[in-house]
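# Structure assessment
Residue strings, one per chain:
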Amino acid sequence: AGIALVGLGGAAGSIARYLLGGWVTAAAAPQAFPLGTFFVNLAGCLAVGLLAGLVERHPGWLAPDLRLLLFVGVLGGFTTFSAFGLDAVQLLRRGEWLLATGYAGGSVLLGLAAVWLGLRLAGPA
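Structural notes, computed from the coordinates. (Residues numbered from 1 in each chain as written. Predicted model: local features only at pLDDT ≥ 70, side-chain atom pairs only at ≥ 80, totals over all residues. Heavy atoms only, no water.)

## Things to note about the overall build of the chain
Regarding its fold elements, the chain presents 5 helices and 0 strands. Counting from the amino terminus, the chain carries its helices and strands in the arrangement α-α-α-α-α. Dimensions of the chain along its principal axes, counting C-alpha atoms only, are 50 × 35 × 30 Å. In the chain, of all internal contacts separated by at least 6 residues, the share reaching a separation of at least 24 is 53%. With an accessible surface of roughly 8500 Å², the chain has 75% of that area assigned to carbon and sulfur atoms. Looking at charge distribution, the chain has the averaged site of its 6 positive side-chain charges lying 8 Å from that of its 4 negative ones. (Helix = DSSP H or I, 4+ residues; strand = E, 2+ residues; numbered from the N terminus. Contact = heavy atoms within 4.5 Å. Areas by Shrake-Rupley, 256 points an atom, 1.4 Å probe, with all protein chains shown as cover. Lys, Arg positive; Asp, Glu negative; His and termini not counted. Charge placed at Lys NZ, Arg CZ, Asp CG, Glu CD.)

Right, here's the structure in full:
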């Protein structure tokens, strides 16, 4: 059941990301800045923060299956940047400043390095 919930939520989140990102990109004047992706990432972070805050304040508010559907499925399909943001903020809230900095900095820098390496391994364009 869990896999089906994640799959259904992921499909919905991916479709929402495609539609919202496309709409933002089309509504904005042409530019080099990837505004659609930027907006989707911020919207995902706002949504995960809101949902996590509500669950924290009202623990019985969302059943475990609904949490799985929304957090892992929908928001995971929408943008994993929201999970990254939540993880980093939870470390900060626990006072783990060094871990949070390492996690955030490492995720960004090593993620960019991994993309670069993948492009290099794929060969010349």
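## Observations regarding helix H1 (residues 2–27)
With 26 residues, H1 extends 37 Å between its outermost C-alpha atoms, agreeing within 8% with the 38 Å of an ideal straight helix rising 1.5 Å per residue. For H1, the complete set of buried residues consists of Gly9, Gly10, Gly13, Gly21 and Val24. Turning to H1, the residues buried within the fold contact helix H2 (35–57) and helix H3 (64–78). (Expected span 1.5 Å × (residues − 1). Buried < 20%, exposed > 50% of the residue type's maximum accessible area, 1.4 Å probe, protein only.)

## Some details on H2
Helix length check: H2 (23 residues) gives 33 Å between terminal C-alpha atoms against 33 Å at 1.5 Å per residue, within 8%. Gly36, Val40, Asn41, Gly44, Val48, Leu51, Ala52, Gly53 and Val55 are the residues of H2 that are buried.

## As for the environment of leucine 42
Along the polypeptide, leucine 42 turns up in helix H2. Put simply, leucine 42 and threonine 79 are 37 residues apart on the chain and 9.3 Å apart in space, counted from C-alpha to C-alpha.

## Topic: the side chain of threonine 79
If you trace the backbone, threonine 79 turns up in the loop between H3 and helix H4 (81–93). Polar contacts involving the side chain of threonine 79 include one to the main-chain amide nitrogen of phenylalanine 81, which spans 3.0 Å. When sequence neighbours within four positions are dropped, the list of residues in contact with threonine 79 reads Arg17, Val40, Asn41 and Gly44. (Polar contact = N/O pair within 3.5 Å; in protein donor to acceptor, adjacent residues only side chain to side chain.)

## Comments concerning the packing of aromatic side chains
Tallying each qualifying case throughout the model produces 3 aromatic pairs. Measuring from centroid to centroid gives 5.1 Å for phenylalanine 33 and phenylalanine 38, while their planes differ by 70°, and the two rings are edge-to-face. We classify phenylalanine 38 as partly exposed; its relative accessible area is 42%. Each member of the aromatic cluster is reached from another via a ring pair, and the members are Phe81, Phe84 and Tyr103. (Phe/Tyr/Trp six-rings, centres within 6.5 Å; stacked < 30°, edge-to-face > 60°.)

## Quick look at the side chain of asparagine 41
Structurally, asparagine 41 can be placed in helix H2. Among residues more than four places away in sequence, those in contact with asparagine 41 are Thr79 and Phe81.

## Notes on the nonpolar core
Val48, Leu51, Val55, Leu62 and Leu75 form the largest nonpolar core, which has 5 residues in total. With 3 residues, H2 is the single largest residue contributor to this core. (Core = buried A, V, L, I, M, F, W, Y, C linked by side-chain atoms within 4.5 Å.)

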